[in-house]
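What the coordinates show
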Amino acid sequence: MDYFPLFCRLQGKRCLLVGAGDVAERKARLLLEAGAELYVGARDFSPAFQLWAQQGKVTLLHGAFTDDWLDECWLAIAATNDDAVNQQVADAAEQRRLFCNLVDAPQQASAIMPSIVDRSPLMIAVSSGGRAPVLARLLREKLEAMLPQHLGELAALAGSLRERVKQHFSAMAPRRAFWERFFASDRLAQTLANGDRARAAAQVDALFAAPLTQQGEVVLVGAGPGDAGLLTLKGLQAIQQADVVVYDRLVSEPILNLVRRDAERLFVGKQAGHHCVPQEQINQLLLEQAQRGKRVVRLKGGDPFIFGRGGEELEVLAQHNIPFSVVPGITAASGCAAYSGIPLTHRDHAQSVRFVTGHLQQHGEMEWSKLAAEQQTLVFYMGLSQAADIQQQLLRHGMDAAMPVAIVQHGTTPQQRVACATLQELATLAQQFASPALIIVGRVVSLRTQLRWF
Ligand code: SAH
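Residues numbered from 1 in each chain as written. Predicted model: local features only at pLDDT ≥ 70, side-chain atom pairs only at ≥ 80, totals over all residues. Heavy atoms only, no water.

**Focus: the site of the ligand**
Around the ligand sit 18 residues in total, of which Asp303, Ile306, Thr331, Gly411 and Ala437 are the nearest. The separation between an oxygen atom of the ligand and a polar main-chain atom of aspartate 303 is 2.8 Å. Within the contact set of the ligand, an oxygen atom lies 2.7 Å away from a backbone nitrogen or oxygen of alanine 437. Look at the ligand: alone it shows 550 Å² of surface, and the protein chains cover 94% of it. Among the residues making up the shell around the ligand, the classes are represented as 12 nonpolar, five polar and one charged. (Near = heavy atom within 4 Å. Polar contact = N/O pair within 3.5 Å; in protein donor to acceptor, adjacent residues only side chain to side chain. Areas by Shrake-Rupley, 256 points an atom, 1.4 Å probe, with all protein chains shown as cover. Nonpolar A, V, L, I, M, F, W, Y, C, P; charged D, E, K, R; others polar.)

Right, here's the structure in full:
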């Protein structure tokens, strides 16, 4: 072990930072966050340092480094752009048995400032011992993306409950079981993320009162339209914590690759006989898995609450008191619009946008006349096989036959296909496409020629 990892309390402790440029500024920010009493020595100070000095946050030492700058210090950081000066600071610190961090030459330093993920009080530090700083940074970014923002609050709440837990559970095993449930509860996490303290307290009480057998829960996660990069951070965290992932046809392969390797995957899309698993059966499956104490993620294409029947699945869970939460996703309309250069609204062309199901039996006469109105954009989901009827109804209700339309198939994926035409050509165009595809109708479609980027 080249370096011994150590977290030290710097509150009110004098630290010396030599150098006052960009690099020093980054170090200073961290030291100030840690509450250090910061002295900064340099010939010239960047505006940030001058401002901090005016605000009384740092004390400036003007001129060339002298040994007495280290008086009373606990830690030194040499961050000038002059290697000789940095070395001089390091040598002087060494003489006094003070730890010193050297920027740009971490291997010669007696202390390293690691890459950190700050979820105070939870703190993760990553260091490559100065050998591969970029690797340490990449790792830090991965951790940053994986770990929910509210983790710090969860850790702080845990800290405030330690005594109560000790008193409530005298044996170690139930205590550990409590903490596992506490940290795994997506609902509690969600409540903390929303800043709802009263509710969090009630949920903690419920955790204390709950029987110690593990209780399952279901998280309904929107997987977005296809590009794995469009999954939310929260969605990613949920699928990486899941014991069971229930998914259907619209969830793309790259997203499924993000599921934890040892999680069970259950496909409920079209089966061999080309029949979808009936909704009741899916509802039942979610219920059974959760009742077995599993953390279930129900992964759905796009957003679960937009033509996703997410509501129906939750109703069943609610009836059986299974805890659940919902992580929204980017709906196909947003994804397809962005990736095909068609803004859904525009000051000149559309003041509103409607997401419409292509299942036409749900649209009465009244609805069609509203849909045919100007100055709006229509996005038809599941509309491909109904394209001829959509064309006919919109024309019949007065929409301009030259109204621009677009079809986007496999939007946001490498297989994305987009074609534009006019309303009177819609049915013919649709024959060249296959599901999943969206039909976009409106003057905004004409902007695609200016805004497309691939
Ligand atoms: N909950 C989903 C929609 C489910 S309905 C969402 O919010 O996006 C299924 C319909 O969504 C498909 O028939 C198709 O019209 C549309 N769709 C989903 N993914 C798509 C994609 N990548 N490209 C184009 N259309 C898509």
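**Comments concerning helix H2 (residues 47–54)**
Buried within H2 we find Ala48, Phe49 and Trp52. An end-on view of H2 places all buried positions within 95 degrees of arc, on one side of the element. Facing away from the buried side of H2 by more than 90 degrees, the exposed set consists of Pro47 and Gln54. Along its buried surface, H2 packs onto strand S1 (14–18), helix H1 (22–33), strand S2 (37–42) and strand S3 (58–62). One or two positions beyond H2, positive phi appears at glycine 56, with a value near 75 degrees. (Buried < 20%, exposed > 50% of the residue type's maximum accessible area, 1.4 Å probe, protein only. Helix = DSSP H or I, 4+ residues; strand = E, 2+ residues; numbered from the N terminus. Arc of directions from axis to C-beta. Contact = heavy atoms within 4.5 Å.)

**Examining the UniProt feature "binding site: NAD(+)" (unreviewed entry) in the chain**
UniProt's feature table lists "binding site: NAD(+)" (unreviewed entry) at Asp22, Val23, Arg43 and Asp44, given in the numbering used throughout. Of note, valine 23 is situated in helix H1. The class for valine 23 is partly exposed, based on a relative accessible area of 33%. Within the fold, arginine 43 resides in the loop between S2 and H2. By relative accessible area, which is 64% here, arginine 43 ends up exposed. Those residues within four positions of arginine 43 in sequence are excluded, and the remaining contacts are Gly63 and Ala64. (UniProt positions renumbered as here; feature names shortened; annotations may be inferred.)

**Describing the sheet that holds strand S16 (residues 417–422)**
Taking strand neighbours across the sheet as the criterion, the five strands line up as S13-S14-S17-S15-S16 in an open arrangement whose pairing is mixed. Only two strands of the sheet have a single partner each, and these edge strands are strand S13 (352–357) and S16. Ignoring which end each strand starts from, the neighbouring axes of this sheet average 20 degrees apart. Pairing geometry for strand S15 (residues 404–409) and S16, over six bridges, is antiparallel. Paired with proline 404 across the two strands is threonine 422, which belongs to S16. (Pairing = 2+ DSSP bridges. Axes fitted to C-alpha atoms, helices over the stretch in contact; angles between N-to-C directions.)

**Some words on the pairing of S13**
Pairing between S13 and strand S14 (residues 376–381): six bridges, direction parallel. Across the sheet, valine 356 pairs through a bridge with phenylalanine 380, a residue of S14. Read from S13 through helix H14 (residues 365–371) to S14, the crossover connection turns out right-handed. (Right-handed = clockwise from strand over helix to strand, strands pointing away.)

**Concerning the nonpolar core**
Of all hydrophobic cores here, the largest spans 25 residues; its most connected members are Phe380, Leu394, Ile407 and Val441. For this core, the elements supplying multiple residues, two or more each, are H14, S14, helix H15 (387–396), S15, S16, helix H16 (426–430) and strand S17 (437–441). When neighbours within four sequence positions are excluded, valine 441 is seen to be in contact with Gln376, Thr377, Leu378, Phe380, Leu394, Met399, Met403, Pro404 and Val405. In this structure, Leu17, Ala20, Val58 and Val103 belong to the second largest nonpolar core, which totals 20 residues. (Core = buried A, V, L, I, M, F, W, Y, C linked by side-chain atoms within 4.5 Å.)

**Let's talk about the side chain of threonine 191**
Relative to the assigned elements, threonine 191 resides in helix H7 (residues 186–193). Given the relative accessible area of 5%, threonine 191 is considered buried. Within polar-contact distance, the side chain of threonine 191 engages the side chain of glutamine 203 at 2.8 Å.

**Regarding the packing of aromatic side chains**
Per the stated rule, a full pass over the model turns up 13 aromatic pairs. On the basis of an interplanar angle of 85 degrees and a centroid distance of 5.0 Å, the ring pair of phenylalanine 182 and phenylalanine 183 is categorised as edge-to-face. By way of ring pairs, the aromatic residues Phe169, Phe178, Trp179, Phe182, Phe183 and Phe208 are connected into one cluster. Across the ring face of tryptophan 74, the terminal group of lysine 13 is positioned such that the distance to the ring centre comes to 4.6 Å. Over the aromatic face of tyrosine 39 sits the side chain of arginine 14, whose NZ or CZ is 3.6 Å from the ring centroid. (Phe/Tyr/Trp six-rings, centres within 6.5 Å; stacked < 30°, edge-to-face > 60°. Lys NZ or Arg CZ within 6 Å of the ring centre and 35° of its normal.)

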